Amino acid sequence: METSTEEFYMLEALKEARKAEEMHEVPIGAVIVVDGKIIARAHNLRETTQNAITHAELLAIEMACKVVGSWRLEDAELYVTLEPCPMCSGAILLSRINKVYYGAADPKAGCAGTLMNLLDDERFNHQCEVHGGILEDQCGSILTNFFRNLREKRKAEKLNATNTLTD
């Protein structure tokens with residue numbers, strides 16, 4: 001089966017998500033593409049940095065701006081494994097990214113169509129094209145499995161702590 005261009009770049013974003021998972025970070029990855037070339041890639045680092053704004057999208061935007069030498073990323077496409085949150089959607093708009101492709105929808109914070117769509121709101125001075133559901137199952141399952149494993153680990157730790165107290 002042939003991989004589409006969108007799937008190819010989303011697979012690259014998934015590689016970043018796996019890097020985050022290996023670091024015990026929420027497995028979200030992002031890549032930024034200009035003229036068919038990946039110019040930036042990043043994954044979540046909130047736990048590592050203990051910084052609320054080190055989301056994959058923001059780190060990739062920061063890197064892309066350095067590569068391009070401008071805060072304007074007008075020819076850029078962002079591929080991210082999870083629908084952008086309000087903060088990342090704001091950064092996407094402010095950096096003038098042209099297109100956003102995301103994998104899994106985010107029912108709790110998605111601002112590219114799920115809760116609202118900040119990215120194509122005509123009240124802002126910039127809008128970007130949004131495409132969701134790219135490799136949705138793969139992007140969603142890495143998150144689902146991560147949080148399931150985290151809950152199981154916490155449950156085991158709690159049980160272990162309880163058993164230690166009763167011994």
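In the block above lies the structure referred to throughout.
Residues numbered from 1 in each chain as written. Predicted model: local features only at pLDDT ≥ 70, side-chain atom pairs only at ≥ 80, totals over all residues. Heavy atoms only, no water.

**Q** Before we go on, may I ask you to explain the pattern of salt bridges in this structure?
**A** Pairs can form between side chains of opposite charge once their charged atoms are near each other. In total, this model carries five salt bridges according to the counting rule given. The salt bridge partner of Lys19 is Glu16, with a shortest N-O separation of 2.9 Å. Residue Lys19 and its partner Glu16 are located together in helix α1 (residues 5–22), separated by three residues, close to a single helical turn. Under the relative-accessibility criterion, Lys19 is labelled partly exposed at 38%. Taking the shortest distance from any N to any O, the salt bridge between Arg41 and Glu16 comes out at 3.6 Å. Highlighted residues: Arg41 in strand β2 (residues 37–43) and Glu16 in helix α1, separated in sequence by 25 residues. Relative accessible area serves as the criterion here: at 28%, Arg41 is assigned to the partly exposed category. (Salt bridge = Lys/Arg side-chain N within 4 Å of Asp/Glu carboxyl O. Helix = DSSP H or I, 4+ residues; strand = E, 2+ residues; numbered from the N terminus. Buried < 20%, exposed > 50% of the residue type's maximum accessible area, 1.4 Å probe, protein only.)

**Q** What exactly am I supposed to notice about unusual backbone geometry here?
**A** Most peptide bonds take the trans form, and the phi angle of most residues other than glycine is negative. Here Gln50, not a glycine, exhibits a phi torsion of approximately 55 degrees, which is positive. Structurally, Gln50 is set in the loop between α2 (46–49) and α3 (56–68). A positive phi angle, close to 50 degrees, is found at Leu135, a residue other than glycine.

**Q** Looking at this structure, I do not really get α3. What am I missing?
**A** Along an α-helix, residues three or four positions apart point the same way, because every turn accommodates 3.6 residues. Here α3 is 13 residues long and its end C-alpha atoms lie 18 Å apart, about the 18 Å a rise of 1.5 Å per residue gives. Among all positions of α3, only Ala56, Glu57, Leu58, Ala60, Ile61, Ala64 and Cys65 are buried. At its buried positions, α3 is contacted by β1 (29–34), β2, β3 (76–82) and α4 (86–94). Positive backbone phi, approximately 80 degrees, marks Gly69, located one or two places after α3. (Expected span 1.5 Å × (residues − 1). Contact = heavy atoms within 4.5 Å.)

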